[in-house]
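Architecture and fold: a report
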Amino acid sequence: MIAIRNLSHRIGGAPILTDVTLDLPKDGITAIIGPNGAGKSTLMGLMARLLPIQEGKVEVDGLCVTRTRTDLLAKRLAIVTQRVGVASRLRVGDLVGFGRWPHHHGRPRPEDHEAVERALEAFDLVELRDRFLDELSGGQNQRAFIAMGLAQETDWLLLDEPLNNLDMYHARALMARIHALSRAGGRSVVMVVHDINYAAAWADHVVALKDGRLADQGAPRDVLTAPKLSELFGMEIGVEEINGRPTVLHHA
Amino acid sequence: MPDKRLLALGAALLAACAFFLFWGLKGPTGFILELRATKLAALLLVGAAVGISTVVFQTVTGNRILTPSIMGFDSLFLLVQSLMVLTMGSLGYAMADGPAKFLLDTALMMAASLALFSLLMGRGRGDLHRMILVGVIFGLFFRSMTAFVLRLIDPSEFAVVQQVMFASFGAVDTTQLAMAAALFVPVFAAIWKLAPALDIVALGRDSAIGLGLRHDRLSTVLLLLVAALVAVSTALVGPVSFLGLLVAALAHQLMQTPRHVLLLPAAALISGLVLVIGQGVFERILGLQSTLAVIIEFFGGLLFLYLVLGGRRR
């Protein structure tokens, strides 16, 4: 469980998050939704110690994020962000290999190579392993970075907008892979999602943020209702049930 | 097993050193060899320092175009020198030349470079346009300050400053060389120990922290080490603006790897090779001294333009 207690964050005086208290359940996929500027990525960054916590507390499976050694946390929690500035010219295989750093600190052992193989296979990257990152399409790039997070073999996998820039074919394929990981792989996945229907179709738990505050949380069926979503995004949104899943009609 | 490309570079460097030492050896052999050996040591030491510091700097700041010198570092060096001449007079400046001045130069340059580098960190990291702008503006600022100070000093004293305006491997003081070596060895060792972590730093701040690296602290340590290397080599031979850029680009091109365990030695070897061959050809064959810096600046400058205008931006 990731326990978030009274978390507040300000950037240059402007409140980004205000008094968020929340438990993210272990196992399954948790989707964080909300309008732009709701503080989703900031929440993610605070959970993964990318940003210093100003007020409040975050515990990952009982480990306080600020006080636990960062290299120990790296064995519990992996994060893949969308802002990546890679200085080296990297091959896919090298990138995924770096996911093993928390375990070997520069001296890869046989089990590290096996973990990299598994991650490459899980994301269909075996044939691309010798390609350079700058020769890949956006979707392949995204997959490579998530595979790096996977190779880290942590209980928690945090993904900041993994579906960004993906067409529907690749978005669905990626979600299916992440879903499989959360089931067979035993990973707990937390992800920021923009397209609500992906949350509706794949998430086990939905957290809704608005203006830096927790708006709602619970099972998709309970959170993704027409009145709640209309309120959350400030526009008229219809929700229909199709094949037993809520389907959000937000485009017209 | 050592990398084949590194072995080839090492062999080439050995050959270049032999050429530098023994080509056209006439007259009092012992005396000339000693002179040449000192020069060779300076070339190798400065080469390694410039190559390694540039690769580390580019990894930490997350870009492939800027180097400490392009950030206005050499203009700062000139400014400090001309200020010294202004305050102490050319006689005082010439008298002060020695270990004390060398240490003072180094300390001043280290402090200044840290201030300069800290501008690159923080929120602007990875913002290439901002970094180039900062570098160009500071370079310009230091240069015009230097020009201003040069107006104030005597024409005869101007000649003294002019001597340090181009890198010179011609007159290297052996005491300074020994001091530089004593400083370089622990710095090289520290960087070598951090080489695997540098691979992770190159992934960017978020990924590095996610993988459990204490990124911010490590970056500061690395920039400190870079500052030490750059300061000492500048104090030793003067500014070589584009050598670092040239060497780092060649090292990345040759090795095609993200692993700094390979990149760092490659950069050091290539840098030594460029300097030793360049200086050797100029001194022994063309008979022209102290113009190596000009040639390096010329090709380095062309490469810089290529990288900015046409090449890859990272």
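Everything here concerns the structure above.
Given the structure is predicted, the values throughout are model-derived calculations rather than measurements.

About the thresholds
Residues numbered from 1 in each chain as written. Chains lettered and ligands numbered in written order. Predicted model: local features only at pLDDT ≥ 70, side-chain atom pairs only at ≥ 80, totals over all residues. Heavy atoms only, no water. Helix = DSSP H or I, 4+ residues; strand = E, 2+ residues; numbered from the N terminus. Rg over C-alpha atoms; globule rule 2.2 N^0.38 Å. Buried < 20%, exposed > 50% of the residue type's maximum accessible area, 1.4 Å probe, protein only. Areas by Shrake-Rupley, 256 points an atom, 1.4 Å probe, with all protein chains shown as cover. Lys, Arg positive; Asp, Glu negative; His and termini not counted. Charge placed at Lys NZ, Arg CZ, Asp CG, Glu CD. Pairing = 2+ DSSP bridges. Axes fitted to C-alpha atoms, helices over the stretch in contact; angles between N-to-C directions. Contact = heavy atoms within 4.5 Å. Salt bridge = Lys/Arg side-chain N within 4 Å of Asp/Glu carboxyl O. Phe/Tyr/Trp six-rings, centres within 6.5 Å; stacked < 30°, edge-to-face > 60°. Parallel < 35°, antiparallel > 145°, perpendicular 65-115°, else oblique. Left-handed = near helix turned anticlockwise from the far one by under 90°. Nonpolar A, V, L, I, M, F, W, Y, C, P; charged D, E, K, R; others polar. Expected span 1.5 Å × (residues − 1). Right-handed = clockwise from strand over helix to strand, strands pointing away.

Structural notes on the overall build of chain A
Along the backbone of chain A there are ten helices and twelve strands. By the compact-globule yardstick of 18 Å for 252 residues, chain A fits well, its C-alpha radius of gyration being 18 Å. Each principal axis of the C-alpha atoms in chain A carries an extent, and together these give about 55 × 40 × 35 Å. In chain A, buried positions account for 50% of the 252 residues. With an accessible surface of roughly 11,200 Å², chain A has 49% of that area assigned to carbon and sulfur atoms. Charged side chains of chain A number 29 positive and 32 negative; the gap between the two group centres comes to 5 Å.

Thoughts on the sheet that holds strand β6 (residues 77–80) of chain A
Residues and elements named next belong to chain A. The six strands are arranged β6-β7-β8-β3-β9-β10 in an open sheet whose pairing can be described as mixed. The open sheet has two free edges, formed respectively by β6 and β10 (213–218), since each of these has just one partner strand. The sheet shows a mean angle of 15° between the axes of neighbouring strands, direction not considered. Relative to strand β7 (residues 156–160), β6 is paired through four bridges, and the arrangement is parallel. Bridged to valine 80 within β7 is leucine 159. On top of the sheet, helix α6 (residues 138–151) reaches β6 and β7; it is set at about 175° to β6, its chief contact.

Side note on the pairing of strand β2 (residues 14–24) of chain A
All names here are of chain A. With seven bridges connecting them, strand β1 (residues 2–11) and β2 associate as antiparallel partners. Bridge assignment links isoleucine 11 to a residue of β2, and that residue is alanine 14. What sits between the antiparallel neighbours β1 and β2 is a turn of two residues, in which glycine 12 has the positive phi angle 55°.

Comments concerning the pattern of salt bridges
All names here are of chain A. Summed over the entire model, instances satisfying the criterion amount to 18 salt bridges over all chains. Between aspartate 61 and lysine 26 there is a salt bridge; the shortest N-O distance is 2.8 Å. Pair noted here: aspartate 61 is in the loop between β4 (55–60) and β5 (63–64) and lysine 26 is in the loop between β2 and β3 (28–33), with a separation of 35 residues, a long-range link. Taking relative accessible area as the criterion, lysine 26 reaches 33% and is therefore assigned partly exposed. When salt bridges that share partners are traced, they join Arg100, Arg109, Glu111, Asp112, Arg118 and Glu153 into one network.

Considerations on the packing of aromatic side chains
Residue and element names in this part refer to chain B. Within this structure, the stated rule accounts for four aromatic pairs over all chains. Ring centres 5.6 Å apart and planes at 55° place the aromatic pair phenylalanine 141 and phenylalanine 142 in the tilted group. For phenylalanine 141, a relative accessible area of 44% translates into the label partly exposed. Judged by relative accessible area, phenylalanine 142 falls into the buried class, the value being 7%.

Overview of the sheet that holds β2 of chain A
Residues and elements named next belong to chain A. Strands sit in the order β2-β1-β4-β5 across an open sheet of four strands; the sheet is antiparallel. The open sheet has two free edges, formed respectively by β2 and β5, since each of these has just one partner strand. Across two bridges, β4 lies against β5 in antiparallel orientation. Across the sheet, the residue bridging to valine 60 is leucine 63, located in β5. Each of β1, β2 and β4 is contacted by helix α1 (residues 40–47), which is oriented at about 120° to β1, the strand it contacts most.

Digging into the packing of helix α2 (residues 29–61) of chain B against helix α7 (residues 174–201) of chain B
Any two packed helices are characterised by the angle at which their axes cross and by the distance between the axes. All names here are of chain B. Direction vectors running N to C along α2 and α7 enclose 30°, while the axes themselves pass 10 Å from each other. In terms of orientation, α2 and α7 fall into the roughly parallel class. Judged by the sense of rotation from one axis to the other, the crossing of α2 with α7 is left-handed. Counting all contacts with α2, which are made through Thr38, Ala41, Ala42, Leu45, Ala48, Ala49, Ile52, Val56, Thr59 and Val60, the residues of α7 involved are Thr174, Leu177, Ala180, Ala181, Phe184, Phe188, Ile191, Leu198 and Val201. Here the residues of the contact of α2 with α7 are counted per class, giving 16 nonpolar, three polar and no charged.

A short note on helix α9 (residues 215–237) of chain B
Here α9 of chain B is 23 residues long and its end C-alpha atoms lie 33 Å apart, about the 33 Å a rise of 1.5 Å per residue gives. Phi for glycine 238 of chain B, located one or two positions after α9 of chain B, is positive at around 100°.

Some thoughts on the side chain of threonine 68 of chain A
Structurally, the position occupied by threonine 68 of chain A is in the loop between β5 and α2 (70–73). Once you skip the residues sitting within four places of it in the chain, threonine 68 of chain A turns out to touch Leu63 and Leu73 of chain A.

Here's the deal with the pairing of strand β8 (residues 188–192) of chain A
All names here are of chain A. Burial analysis of β8 places five of its five residues in the buried class, the great majority of the element. Of the two faces of β8, both are covered, the one formed by Ser188, Val190 and Val192 as well as the one formed by Val189 and Met191. Pairing of β3 with β8, which is carried by five bridges, proceeds in the parallel orientation. The residue of β8 that forms the bridge with alanine 31 is methionine 191. In this fold, β7 hands off to helix α7 (residues 168–183), which returns the chain to β8; that crossover is right-handed.

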